[in-house]
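Spelled out, the chains give:
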Amino acid sequence: MKKAPIVLVVFLTFLFSCKKDIKRGLVTNNAMVVSARVEASKIGSDILEKGGNAFDAMVATELALAVVYPCAGNIGGGGFMVYRKANGAIGSLDYREKAPKAATKNMYLDSLGHIVPDKSTKGAMAIGVPGTVAGVMAVHKKLGSLPLETILKPVIELAEKGYAISRSQAERIKSKQNDFRDVNKDSIIFINNFKPGDTLKQPALAQTLKAIMNHGKEDFYKGETAKTLVRFIQNNGGILTLEDMANYEAQWRKPITFNYDDLKIISMAPPSSGGVCLGQIMKMIEPYDLHNMGHNSLKSIQVITEAEKRAYADRSFYLGDPDFVNIPTKKLLDTSYLNHRMSDFSFNKSTPSAAISHGHVQITESNETTHYSIIDQFGNAVSTTTTLNSYYGSKLYCSELGFFLNNEMDDFSSKPGIPNLFGLIGAEANSIAPEKRMLSSMTPTIVEKNGKLFMAVGTPGGSTIITSVLQTILNVHEFGMGMQEAVNAPRFHHQWLPDEITMEPNAFNKKIINKLETLGYKTIEEESIIIGKVDGILVTEEHTYEGGADHRGDDTAVGF
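The structure displayed is predicted, hence computed values, not measured ones.

A. The arrangement of the nonpolar core in detail. With 84 residues, the main nonpolar core has Met 58, Val 59, Val 67, Met 81, Leu 152, Phe 220 and Ile 374 as its most contacted residues. Top contributing element to this core by residue count: helix 2 (residues 54–68), with 12 residues. Apart from residues lying up to four places away in sequence, Val 67 is in contact with Val 155, Leu 158, Ala 159, Tyr 163, Gln 202, Leu 205 and Leu 209. Leu 439, Leu 474, Ile 537 and Ala 549 belong to the second-largest nonpolar core, a separate cluster that totals 79 residues.

Shown next, in the form of structure tokens:
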């Protein structure tokens, strides 16, 4: 008899532990998928129950998110995947978008050298060559086990039959109505006044998915879908061409790996800054006894903040597309180099960001990405982060094909030294060039403990992605939390510039905040700031899987 999937939406299961009462997430014996929407998690879990592996479930979950989470799930964007096979083999896939061939370094500047407002964030000029379809097809070809039709049929059915709009989705769609009207020449489905519980059907997207199912990558990048997409973008003033589409390839890359205590961290390499930056922070804080300092204590916040400042300063200068710039990864992760970077840190006062440059060997990025984690019944693990950049990307929607296009061109340094949409500072390494991939903070991560699979974790959150992944790992490893408890815990963030600690609102001890201010730290609590929506899976001591689905969104764990 087929087992019914176990679904966790927002309710937590409280399990007794001999150590303490821990708020546990969904616990399963065989396999699990955690994503931003219950429908996507269920489709991924169902694929596993049909005998598929984590890579089959990756394809299904990714494309299901394009249906039910169109603000960030996508086929018009891109992302990164890190994996660990049951035999311990690891790898990663870069399906990040690329600049069109006609892109130029100063394309978003006016004649006086000033950034033209909105040009890199809204409309057709903001679009990079989409990578998601190439990514999922590459995964299926190399690592999948089920026929593509088996994987995509339930996704297509979901697009045809529709799904219920959640309250947060209805509010998000409403908040972008003016942008949708400003950017699109014609009326689009998303200018409808959706209310919570309304059904959203997407027949055009279903047809596009059928074309992918029947013809694979070829149709999307060279066939009728490509022609329709390019014609639409160019009619709206964009520069993307059929040649750009035909030349796009996802890239298999060697993951960033490093050790922290008895953990081995496996994360994404450039053009994601995630793995390098995470490695720098963790190796800088490793000499300090965070466990005894205490979770979110004054000293632990200081140590982590100061390491973050130094890592983000290095990020701004050194990191970019490795196919275009020489990145000194080995040096950036060298223990002696990182010890030197922390040598001027003191618990007695804040180190001003103005006093921290890049090391001697130099952002705004969208908070509006999505992440999912998968562990299958065979022991394979997948951690994937995908995005359109800001919510609904460029806001340009192709009604004929049924999806939004990204605005990833904003993740380049439009003008080195000037912050992007998310406040991140970039340098020459991330300047615009034809066919170059833009820098990202996406940090899909897998963790081993004593050589065995321990967790899969990741999050959206733009520049806060790296620090949210960091704190979730530390919450489990240093402070003995389960995965759901680690995901629920309050988070904070520092990215070098601006020189301030962003703290989750109404979540931190006011006395500690006051002490930080006294030591020279500027703190900021804003309701509008979302410090990640972490989705993770922990392998427990009992060899079961515990899901951590972030309550800050509609995130849901499903498994069996």
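Okay, back to it.
B. Layout of empty space enclosed by the protein. Approximately 80 Å³ is the volume attributed to the largest cavity. If you go around the largest cavity, you meet 13 residues; those closest to its centre are Ala 66, Pro 70, Gly 73, Phe 403 and Phe 404. Partitioned by chemical class, the residues of the lining of the largest cavity number nine nonpolar, four polar and no charged.

C. Up close: the domain arrangement of the chain. Each assigned domain of the chain is listed here: domain 1 (26–250 + 387–413) and domain 2 (253–356 + 443–559). Placing the centre of domain 1 and that of domain 2 at their C-alpha centroids yields a distance of 27 Å. With 33 residues of domain 1 at the interface, the matching set in domain 2 holds 33 residues. Taken together, the two surfaces of domain 1 and domain 2 that pack against each other cover about 2,600 Å², and 60% of this comes from carbon and sulfur. Considering only the side of domain 1, the residues that lose the most area to domain 2 are Val 34, Val 82 and Arg 84, jointly responsible for 25% of the buried surface there. Here domain 1 and domain 2 share three salt bridges between them. As a salt-bridge pair, Arg 37 and Asp 554 come within 3.9 Å of each other at their nearest N and O atoms. Our enumeration of links across domain 1 and domain 2 arrives at 12 residue pairs in polar contact (both at pLDDT 80 or more). Those elements that provide at least two residues to the side of domain 1 that touches domain 2 are strand 4 (27–28), strand 5 (32–35), helix 1 (38–49), strand 6 (78–84), strand 7 (90–95) and helix 5 (167–175). Residue composition of the side of domain 1 that touches domain 2, by class: 16 nonpolar, 11 polar and six charged.

D. View of the sheet that holds strand 11 (residues 256–260). An order of 4-23-22-18-17-12-11 is seen for the seven strands of this open sheet, with the pairing classed as antiparallel. Two strands bound the open sheet, and with one partner strand each, they are strand 4 and strand 11. Across the sheet, helix 11 (residues 274–285) lies against strand 11, strand 12 (263–267) and strand 17 (445–449), angled at about 15 degrees from strand 11, the strand it touches most. In the packing of helix 16 (residues 465–477) onto the sheet, contacts are made with strand 11, strand 12, strand 17, strand 18 (452–458) and strand 22 (535–539), and the angle to strand 18 comes to roughly 140 degrees.

E. Representation of the sheet that holds strand 21 (residues 523–524). In spatial order, the strands read 19-20-21; together these three strands make up an open sheet with mixed pairing. Edge positions in the sheet fall to strand 19 (492–493) and strand 21, since each of these pairs with one other strand and no more.

F. Structural context of the pairing of strand 12. Across the five residues that make up strand 12, a large majority, four, are buried. Sheet analysis places strand 11 next to strand 12, joined by five bridges and oriented antiparallel. Bridge pairing in strand 12 links Ile 256 to Ser 267. Of the pairings in the sheet, the one linking strand 12 to strand 17 comprises four bridges and is antiparallel in character. From the neighbouring strand, Leu 263 faces strand 17, where its bridge partner is Lys 449.

Rules used in this analysis
- Each chain carries its own residue numbering, running from 1 in the written order of its sequence.
- Side-chain atom pairs in this predicted model are given and counted only at pLDDT of 80 or more, local residue features only at pLDDT of at least 70, and totals for whole chains, interfaces and linings cover all residues.
- To get the side-chain values, all heavy atoms of the structure are used, and hydrogens and water are removed first.
- The set of buried Ala, Val, Leu, Ile, Met, Phe, Trp, Tyr and Cys residues whose side-chain atoms join them within 4.5 Å is what this entry labels a nonpolar core.
- Accessibility here uses a 1.4 Å probe with only protein chains present; expressed as a share of the type maximum, an area under 20% marks a residue as buried, one over 50% as exposed, and anything in between as partly exposed.
- Starting at the N terminus, helices and strands are each numbered in turn, a helix being any DSSP run of H or I of at least four residues and a strand any DSSP run of E of at least two.
- The contact definition used throughout considers only heavy atoms, calling two residues in contact when any of these lie within 4.5 Å.
- The definitions used throughout rest on a 1 Å grid laid over the protein atoms alone, on which a cavity is an enclosed set of points accommodating a 1.4 Å probe that cannot get out and a pocket is an open set flanked by protein within 12 Å on both sides along at least five of seven lines; lining residues are those having an atom within 4 Å of a point.
- Grid points are joined across faces, edges and corners, and a volume is the space filled by probe spheres set on the points.
- Under the convention adopted here, Pro, Cys and the residues Ala, Val, Leu, Ile, Met, Phe, Trp and Tyr are nonpolar, Asp, Glu, Lys and Arg are charged, and Gly plus all remaining residues are polar.
- The split of the chain into domains comes from an automatic or database domain assignment.
- Reported buried area values correspond to the accessible surface (1.4 Å probe) lost by two parts on association, with both partners' losses combined.
- Salt bridges are counted wherever a side-chain nitrogen of Lys or Arg sits within 4 Å of a carboxyl oxygen of Asp or Glu.
- Polar contacts, as used here, are pairs of N or O atoms within 3.5 Å; protein pairs need one atom able to donate a hydrogen and one able to accept it. Residues neighboring in sequence count only if both atoms are side-chain atoms.
- Strands were regarded as paired on the criterion that DSSP finds at least two bridges between them.
- In this analysis an axis means a line fitted to C-alpha atoms, helices contributing only their contacting stretch, and an angle means the value between N-to-C directions, from 0 to 180 degrees.

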